[in-house]
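Given next are the chains, with one letter for each unit.
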Amino acid sequence: MLKIYNTLTRKVEDFKPLNPPVVNMYTCGPTVYDYQHIGHMRRYVGDDILVRTLDFNNFKVKQVMNITDVGHLTSDSDTGEDKMEKGARKFGMSVWDIAKKFEKQFFDSARALNIRKPDILMHATDYIKEQIVFIQTLEKKGFTYKIDDGVYFDASKFPDYGILTGQRSEELKKGARVEFVKGKRNVTDFALWKFSPKGEKRQMEWESPFGLGFPGWHIECSTMAIKGLDTETLDIHTGGIDHIAIHHTNEIAQSEGATGRQFVKYWVHHNFLHVDGAKMSKSIGNIFTVEEVVRRGFDPLALRYLYLQTHYRQEMNFTWDALEGAQIAYKRLIDEVSKFKNPKIGCAEFEGKFLDAINDDLNMAKALSVVWDLIKSDYPDSAKAESILKMNQVLGLDLEKAKEKKKKIKIVVPQEVQILIEERNKLRKQGSYTQADHIRNKIKKLGFNIKDTKKGVIVEKI
Ligand SMILES: [Zn+2]
């Protein structure tokens, strides 16, 4: 039985969808105004593991993901600019071109990481009409009010507001940042429709019964989730932990306000990724993309392997050293699997342990350790081959292509070591063998062995 942590109940629960074997799942997709980095991609790999685990348990997953190409403001309190218009200015392109450029960058990264495409992809700008209808429903039910700035949802009218964080409206009010929109009744109220600023021509704006403007960010997810999955109650909704307090809290309020039914059974949230112990930021210059990972000589699946080592609910600390370690482990795994031939009847014992690990709230670090235990076990290679191919359906590490991949993955040697190797080569050419040996020892201390062959120096991780 699959068990998964549900943010709504703050418990690990048995997973029981409404209409098994069907699982309706909605994933908050990227806001396509800038590059998606390895922190974003960690979350999508996490979702991919969830989808594959559901598949492995014989559920039939229908996954909808949105692409936010309008309406996501730079601040969570309905002030600031639209991220898309800001991105367009930054890159000197139109809003529509920015959206295309970064959607492609996102899917290129996703493909490199073996993330399966969602069944249905929905762009916010393709569903403006439906969002307007959704707002009208809320209007009819008395949840909205209009001010100079736009149409707002009145959170005080929804008694369960804040249920996802466990903080009720009163507490939220106390903790909220005071960045108030004039005329807003409660701190927790949020924009459903924002009016275009007077005297300013926006690149994206639409006519509506409320006035010329554009939808708020939250409304697109409720609208497209319910439309795309064709149900008012979803089995699973995923996102980052940064979505809990505002975005998903507001999705619940407006969806349940409109339908009168529970919006989502299981809320699944992924934790952050930090780099060298710090939050990623432009000023530190530690924002990395999958392209950068590949540029530095890594296999993108080494990054996937690295992600799997940290549980999705834990904060992950990315370092280039850790990625080097992951690439070495991944290469070793590929090397081992490439030796196996003729898959035949697998090992039930290890397949059972693997299933237990993934079904225990997606414990992928444990699942990987089961894979290694199987490799080291006494089972015949044909059985190992069969079981590992099965496990790879969840891992998504290209193990079925181990033979082809084997030649492609190289050990990434740190620059420090590369410089020492060059120095040693020079010394050997000059005949200074004692000094060259000195350097060999230095390299050893850094964790690498070197072998001299006719074709040149081969570097191995100790
Ligand atoms: Zn969303």
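Residues numbered from 1 in each chain as written. Predicted model: local features only at pLDDT ≥ 70, side-chain atom pairs only at ≥ 80, totals over all residues. Heavy atoms only, no water.

Turning next to the overall build of the protein chain. When helices and strands are tallied, the protein chain shows 16 helices and 15 strands. With the C-alpha coordinates aligned to their principal axes, the bounding extent of the protein chain is approximately 85 × 50 × 40 Å. Taken across its 462 residues, the protein chain has 56% of its residues classed as buried. Taking the contacts inside the protein chain whose residues are at least 6 apart along the sequence as the reference set, 74% of them involve residues at least 24 apart. (Helix = DSSP H or I, 4+ residues; strand = E, 2+ residues; numbered from the N terminus. Buried < 20%, exposed > 50% of the residue type's maximum accessible area, 1.4 Å probe, protein only. Contact = heavy atoms within 4.5 Å.)

Attention shifts here to the packing of helix α15 (residues 415–429) against helix α16 (residues 433–445). Between α15 and α16, the shortest axis-to-axis distance is 8 Å and the interhelical angle comes to 165°. Put simply, α15 runs roughly antiparallel to α16. Between α15 and α16 the crossing geometry is left-handed. Residue-level contacts link Val417, Leu420, Ile421, Glu423, Arg424, Leu427 and Arg428 of α15 to Tyr433, Gln435, Ala436, Ile439, Arg440, Lys442 and Ile443 of α16. When grouped by side-chain class, the residues that make up the contact of α15 with α16 number eight nonpolar, one polar and five charged. (Axes fitted to C-alpha atoms, helices over the stretch in contact; angles between N-to-C directions. Parallel < 35°, antiparallel > 145°, perpendicular 65-115°, else oblique. Left-handed = near helix turned anticlockwise from the far one by under 90°. Nonpolar A, V, L, I, M, F, W, Y, C, P; charged D, E, K, R; others polar.)

Strands sit in the order β5-β4-β3-β10-β11 across an open sheet of five strands; the sheet is parallel. For this open sheet the edge positions go to β5 (120–123) and β11 (264–270), each flanked by a neighbour on one side alone. The mean angle between the axes of side-by-side strands here comes to 20°, regardless of whether they run parallel or antiparallel. Where strand β3 (residues 22–27) meets strand β10 (residues 234–240), three bridges bridge the pair, whose relative direction is parallel. Paired with Met25 across the strands is Ile236, a residue of β10. Helix α1 (residues 38–56) contacts β3, β4 (60–67), β10 and β11 of the sheet and is inclined by roughly 175° relative to β3. Here helix α3 (residues 95–112) sits on the sheet and contacts β4 and β5; the angle it forms with β4, its principal contact strand, is near 145°. (Pairing = 2+ DSSP bridges.)

Here we take up helix α7 (residues 244–259). Since the α-helix packs 3.6 residues into each turn, any two residues three or four apart lie on the same face. Under the 1.5 Å per step criterion, the end-to-end length of α7 is 21 Å for 16 residues, consistent within 8% with the ideal 22 Å. The buried count for α7 comes to 14 of 16 residues, which makes it a mostly enclosed element. Within two residues after α7, Gly260 carries a phi angle of roughly 75°, on the positive side. (Expected span 1.5 Å × (residues − 1).)

Note on the zinc ion: its protein donors are Cys28 (SG), Cys221 (SG) and His247 (NE2). The metal-donor distances range over 2.1 Å. Each donor residue of the zinc ion lies on one chain, and together they are spaced C-x192-C-x25-H. In this pair, Cys221 sits in helix α6 (residues 217–229) while His247 sits in helix α7, placing the two residues 26 residues apart along the sequence. Each member of the pair, Cys221 as well as His247, is classed as buried. (Donors = N, O, S within 2.8 Å, 3.2 Å for Na, K, Ca; no water.)

Inspection of the secondary structure puts Lys157 in the loop between β7 (150–153) and α5 (169–175). C-alpha of Lys157 to C-alpha of Lys265: the two residues are 108 residues apart in sequence and 22 Å apart in space. In this view, Lys157 contacts Gly142, Phe143 and Arg185; residues no more than four positions away in its chain are not counted.

Here we come to the sheet that holds strand β9 (residues 213–215). Spatial strand order, β6-β7-β8-β9: four strands in an open sheet with antiparallel pairing. Of all the strands in the sheet, just β6 (144–147) and β9 have a single pairing partner and so form its edges. Strand-to-strand twist across the sheet, computed as the mean angle between neighbouring axes with direction ignored, equals 25°. Sheet topology places strand β8 (residues 190–195) next to β9; three bridges connect them, and they run antiparallel. By the bridge assignment, Phe195 is partnered in β9 with Gly213.

On to the domain arrangement of the protein chain, then. The domain boundaries assigned to the protein chain delineate domain 1 (3–270), domain 2 (286–408) and domain 3 (415–461). Here the C-alpha centre of domain 3 lies 31 Å away from the C-alpha centre of domain 2. (Domains from an automatic or database assignment.)

This next bit is on the nonpolar core. One finds Leu54, Leu303, Phe318, Leu395 and Leu397 to be the most contacted residues of the largest nonpolar core, which totals 127 residues. Residues from two domains meet in this core; each of domain 1 (3–270) and domain 2 (286–408) gives at least three. Here Phe318 is in contact with Ile38, Leu273, His274, Val275, Asp276, Phe288, Leu303, Leu306 and Leu323, once residues within four sequence places are set aside. With ten residues, the next largest nonpolar core counts Val413, Val417, Leu420 and Leu427 among its residues. (Core = buried A, V, L, I, M, F, W, Y, C linked by side-chain atoms within 4.5 Å.)

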